[in-house]
Amino acid sequence: MKILRISLLLISTVCTSFLISCKDDGVINDLFFPVEDDVELGRQVAEEIAGKPEEFPVLSQTAYPDAYNYLNAMKSEILSSDAVEYADLFPYELKIIDQDVLNAFATPGGYIYVYTGLIKYLDNADDLAGVLGHEIAHAERRHSVNQLKKSLGIQFLISIVAGEGTSDQIAALASNLLALKFSRDDEAEADEYSVIYLGDTDYACNGAASFFEKLESEGAGGGPEFLSTHPSPTNRVADINAKATEDGCDTNPIAESGFTYADFKNSLPQ
Ligand SMILES: [Zn+2]
């Protein structure tokens, strides 16, 4: 595999040198960096995050079982959509970071982090499901791998996956991921897929719109993942709702019984 990759890298160099358009299409990208490698990349970032509890105070699953049960049930519901391609390949591990930050992010390969600040800021389950759908889409559509490839270079990523990354390189990978600015197209696509995934669930399929509506009405700023967006919140809300209308999916809020979103918020550290 290593020999194959080295020769593919040479081909890549040739393509660049002669301005042949043979990079960045799906097929070549998969040859250089198969989607299975996203999982290993994500796993190493997750390990890095777990090793820095001061920077990333992740709530433990044993100390907060109710919160994690609620969040994992929401995740499973979204992953049950047939439109999620890598539900079996990606681990889709969810972690809650206890910081008052309006943000969520996903690593390549589907390790997803949600801040308590965001959970508490949102009003209902549909809103958070919309954000989760959006983050799952970033992993599924390989947006972060493509951005990391641009910022760090594919050789860097390949050496990390091969287990040859130094601790400094893995730290750089994690900080690059957290500072990623997705393109307008990536953000629009993640919003669109959030509607598609939620359309297969009991959640309002336009749930992602509520977050941007609230951000805009309150003039609040989200974390890097959401601040970096070029489409203005107004446009994003309009586009999400237009996609919901086009798909004819259900925009009624989910009818929760038992442990509700309010209970979920109350189960977090106050
Ligand atoms: Zn995004």
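Everything below is about the structure printed above this text.
Residues numbered from 1 in each chain as written. Predicted model: local features only at pLDDT ≥ 70, side-chain atom pairs only at ≥ 80, totals over all residues. Heavy atoms only, no water.

Visitor: Help me out: how do you make sense of the environment of Ile 240 in this one?
Guide: By the secondary structure assignment, Ile 240 is in helix 13 (residues 233-247). The exposure class of Ile 240 is buried, given its relative accessible area of 2%. In sequence terms Ile 240 and Ala 208 are 32 residues apart; their C-alpha atoms lie 7.4 Å from each other. (Helix = DSSP H or I, 4+ residues; strand = E, 2+ residues; numbered from the N terminus. Buried < 20%, exposed > 50% of the residue type's maximum accessible area, 1.4 Å probe, protein only.)

Visitor: It is not clear to me how the packing of helix 10 (residues 184-199) against helix 13 should be interpreted in this structure. Could you clarify?
Guide: In a packed pair of helices, the relevant descriptors are the angle between the two axes and the axis-to-axis distance. Between helix 10 and helix 13, whose axes approach to 9 Å, the crossing angle comes to 40°. Regarding the angle of helix 10 to helix 13, the classification is oblique. At the point where helix 10 passes helix 13, the crossing takes the right-handed sense. Where helix 10 approaches helix 13, its residues Glu 187, Asp 191, Glu 192, Val 195 and Ile 196 are matched on the opposing element by Arg 236, Ile 240, Lys 243, Ala 244 and Asp 247. Taken together, the residues of the contact of helix 10 with helix 13 break down into four nonpolar, no polar and six charged. (Axes fitted to C-alpha atoms, helices over the stretch in contact; angles between N-to-C directions. Parallel < 35°, antiparallel > 145°, perpendicular 65-115°, else oblique. Left-handed = near helix turned anticlockwise from the far one by under 90°. Contact = heavy atoms within 4.5 Å. Nonpolar A, V, L, I, M, F, W, Y, C, P; charged D, E, K, R; others polar.)

Visitor: Is there a simple way to explain unusual backbone geometry in this structure?
Guide: Trans peptide bonds make up the majority, and among non-glycine residues the majority have a negative phi. Notably, Tyr 92 is not glycine yet its phi reads approximately 45°, a positive angle. With respect to the element layout, Tyr 92 can be found in the loop between helix 4 (65-79) and strand 1 (93-97). Positive phi values are uncommon outside glycine, yet Arg 142 reaches one of about 60°. Its location among the elements puts Arg 142 in the loop between helix 6 (125-140) and helix 7 (143-152). Overall, the relative accessible area of 6% leaves Arg 142 in the buried class.

Visitor: I'm lost on the pattern of salt bridges in this one. Help?
Guide: Pairing is possible between side chains that carry opposite charge, provided their charged atoms lie close to one another. Scanning the model with the defined rule gives 10 salt bridges in all. Between Asp 38 and Arg 142 there is a salt bridge, and its shortest N-O distance comes to 2.7 Å. Residue Asp 38 is found in helix 3 (residues 35-50), and its partner Arg 142 is found in the loop between helix 6 and helix 7; the two are separated by 104 residues along the sequence. Connected through salt bridges with shared partners, the residues Glu 40, Arg 43 and Glu 47 form a single ionic network. (Salt bridge = Lys/Arg side-chain N within 4 Å of Asp/Glu carboxyl O.)

Visitor: Would you explain the packing of helix 4 against helix 6 in this entry?
Guide: Direction vectors running N to C along helix 4 and helix 6 enclose 60°, while the axes themselves pass 10 Å from each other. Here helix 4 is positioned oblique relative to helix 6, judged by the angle of their axes. As helix 4 packs across helix 6, the resulting crossing turns out to be right-handed. Contacts between helix 4 and helix 6 involve Tyr 70, Leu 71, Met 74, Lys 75, Ile 78 and Leu 79 from the former and Ala 125, Leu 128, Ala 129, Leu 132, Gly 133 and Ile 136 from the latter.

Visitor: Sorry, what's going on with the nonpolar core here?
Guide: Generally speaking, nonpolar side chains in soluble globular proteins are found buried as a group. Within the largest apolar cluster, 53 residues are counted, with the highest numbers of intra-cluster contacts made by Met 74, Ile 96, Leu 128, Phe 211 and Phe 264. Considering every element that reaches this core, the biggest residue donor is helix 6, with eight residues. Beyond its immediate sequence surroundings of up to four residues, Phe 264 is in contact with Ala 67, Tyr 70, Leu 71, Ile 96, Ile 119, Leu 128 and Phe 259. Residues Ala 46, Ile 97, Tyr 111 and Tyr 115 belong to the second largest nonpolar core, which totals 26 residues. (Core = buried A, V, L, I, M, F, W, Y, C linked by side-chain atoms within 4.5 Å.)

Everything listed here is a matter of coordinates, which is why it stays silent on function.
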